[in-house]
Amino acid sequence: MKYKNYIWHFDGTLYDSYPHIYSALLTVMNEYGMTQQFDMETVRRYLQVSFAEMRKYTEMADEPYAKFNDLHHRTADSDITPPIVPFDDAERVLAAVIERGG
């Protein structure tokens, strides 16, 4: 069977966005005085499951959650480091898909 269409989830598949997202989360949690209340490694694990699971675990209110969402989506003009970068082989894999008619 030859596949023509491929679908990837952007975050964590083609681009290594999790360090940037986690940094945005830390920024917001620090601003709202939340980092002292939680084991941040546990928060990171919940974040890697889903934003909803992280929010449920931290009981994050609407205002900081909205700020987190805004902050992690702003990439080009963001002071949040590290930046979102593609994984080393992302371009090669996508080019191979196109070369094979995908």
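**Q** Honestly, the nonpolar core in this entry has me stumped. Any pointers?
**A** Inside soluble globular proteins, nonpolar side chains tend to come together where they are buried. Residues Leu25, Met29, Val43, Leu47, Met54, Met60 and Phe68 are the most contacted members of the largest nonpolar core, which totals 17 residues. Sorting the residues of this core by element identifies α1 (18–31), α2 (40–49) and α4 (62–73) as the ones contributing at least two each. Here this core takes six residues from α1, the largest share from any one element.

**Q** What is the right way to look at the pattern of salt bridges in this model?
**A** Working definition: two side chains of opposite charge can pair if their charged atoms are close together. According to the stated counting rule, one finds six salt bridges in the structure shown. In this structure, glutamate 41 engages arginine 45 in a salt bridge whose closest nitrogen and oxygen atoms are separated by 4.0 Å. With glutamate 41 and arginine 45 both in helix α2, this residue pair falls four residues apart, about one helical turn. In the salt-bridge network here, residues are joined through shared partners; they are Glu41, Arg44 and Arg45.

**Q** Just to check I follow, could you spell out the packing of aromatic side chains for this structure?
**A** Aromatic ring pairs are described here by two measures, namely the spacing of the ring centres and the angle between the planes. Considering all chains together, one arrives at six aromatic pairs under this definition. Ring centres of tyrosine 46 and tyrosine 57 lie 4.5 Å apart, and the angle between their planes is 15°; on these two criteria the pair is classed as stacked. Taken as a pair, tyrosine 46 in helix α2 and tyrosine 57 in helix α3 (residues 51–58) lie far apart in primary sequence, eleven residues in all. When its relative accessible area of 30% is taken as the criterion, tyrosine 46 is described as partly exposed. An aromatic cluster is present here, built from Tyr3, Tyr6 and Trp8 joined pairwise through their rings.

**Q** Before we go on, may I ask you to explain unusual backbone geometry in this structure?
**A** In terms of backbone geometry, most residues other than glycine have negative phi values and most peptide bonds are trans. Proline 82 follows threonine 81 through a cis peptide bond whose omega is 5°. Take proline 82: it is sitting in the loop between α4 and β2 (85–86). Non-glycine residue glutamate 59 carries a positive phi angle of around 55°. Of note, glutamate 59 is situated in the loop between α3 and α4.

Parameters at a glance
- Residues numbered from 1 in each chain as written.
- Predicted model: local features only at pLDDT ≥ 70, side-chain atom pairs only at ≥ 80, totals over all residues.
- Heavy atoms only, no water.
- Core = buried A, V, L, I, M, F, W, Y, C linked by side-chain atoms within 4.5 Å.
- Buried < 20%, exposed > 50% of the residue type's maximum accessible area, 1.4 Å probe, protein only.
- Helix = DSSP H or I, 4+ residues; strand = E, 2+ residues; numbered from the N terminus.
- Salt bridge = Lys/Arg side-chain N within 4 Å of Asp/Glu carboxyl O.
- Phe/Tyr/Trp six-rings, centres within 6.5 Å; stacked < 30°, edge-to-face > 60°.

In short, geometric facts, not functional conclusions.
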